[in-house]
Amino acid sequence: QHRGRPRHPKTDEVVSVVRRGVGAQQGPPAQSFVEIAYVGKLEDGTEFGAAPKDKPFKFRIGELDRLFDFEQAIIGMHEGEEKVVKIPSEKAFGNYKKELVVKVKRESLKGFNVEKGKKYQIPWKNGDKKVARITALNDHYIVFDANHRLAGEDLMFNIKLLKIYRFYTSLNDN
């Protein structure tokens with residue numbers, strides 16, 4: 001029914017995108033590839049990620065699994081345009097959930113070499129497995145955190161749209 005139309009990744013609703021301008025002035029259409037340079041920072045100024053101009057982030061509009069608002073900010077931009085975008089935590093990697101933190105006795109992992117900051121796949125309460133990072137450890141306990149490292153953080157992005165790859169097809173193309 002809505003084939004080919006962009007959908008919101010969390011609600012699966014069909015998203016309408018309004019674009020202004022024509023020709024070269026128009027922003028990237030749905031399903032086009034883009035190259036961007038960006039710097040991502042937390043509100044306190046701590047940098048958490050970047051893609052410089054010489055190693056840009058490349059993706060297809062409509063296919064980012066997360067950060068729907070990040071992608072929407074790029075729609076409507078022109079090549080060479082720069083923009084600052086703030087994405088609240090609930091629209092980024094979600095709020096921090098205490099129930100995704102577990103404390104286990106160190107003796108239950110006897111024989112395993114564990115390090116603070118490393119990620120491990122661990123059995124979870126419901127029988128599933130989750131990837132969790134060790135956030136604390138001592139001689140008695142290990143604390144695993146299955147939250148995304150940016151959960152609970154508002155994100156700021158300085159974005160520059162470097163290139164739009166537009167793909168056109170015609171009925172005569174075979």
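For clarity, every value in this text was computed on a predicted model and none was experimentally measured. (Residues numbered from 1 in each chain as written. Predicted model: local features only at pLDDT ≥ 70, side-chain atom pairs only at ≥ 80, totals over all residues. Heavy atoms only, no water.)

If you had to explain the packing of aromatic side chains to someone new, which residues and values would you point to?
For any pair of aromatic rings, the description rests on two quantities: the centre-to-centre distance and the angle between the ring planes. Taken as a whole and assessed by the stated rule, the structure comprises 7 aromatic pairs. Centroid distance Phe 48 to Phe 157: 5.6 Å. Interplanar angle 85 degrees. Geometry classified as edge-to-face. Of this pair, Phe 48 sits in strand S2 (residues 47-51) while Phe 157 sits in strand S9 (residues 155-165); the two residues are 109 residues apart in sequence, bridging distant segments of the chain. On the basis of relative accessible area, Phe 48 is assigned to the buried category, the value being 16%. With a relative accessible area of 3%, Phe 157 lands in the buried category. An aromatic cluster of at least three residues, connected via ring pairs, comprises Tyr 38, Phe 48, Phe 57, Phe 59, Phe 70 and Phe 157. Over the aromatic face of Tyr 165 sits the side chain of Lys 163, whose NZ or CZ is 5.6 Å from the ring centroid. (Phe/Tyr/Trp six-rings, centres within 6.5 Å; stacked < 30°, edge-to-face > 60°. Helix = DSSP H or I, 4+ residues; strand = E, 2+ residues; numbered from the N terminus. Buried < 20%, exposed > 50% of the residue type's maximum accessible area, 1.4 Å probe, protein only. Lys NZ or Arg CZ within 6 Å of the ring centre and 35° of its normal.)

Account for the pairing of S2, with residues named and values stated.
As paired elements, strand S1 (residues 33-42) and S2 share 4 bridges and run antiparallel to each other. Within S2, the position partnered with Lys 41 by the bridge is Glu 47. The antiparallel pairing of S1 with S2 creates a hairpin that spans 4 residues between the two strands, and Gly 45 there sits at a positive phi of about 95 degrees. (Pairing = 2+ DSSP bridges.)

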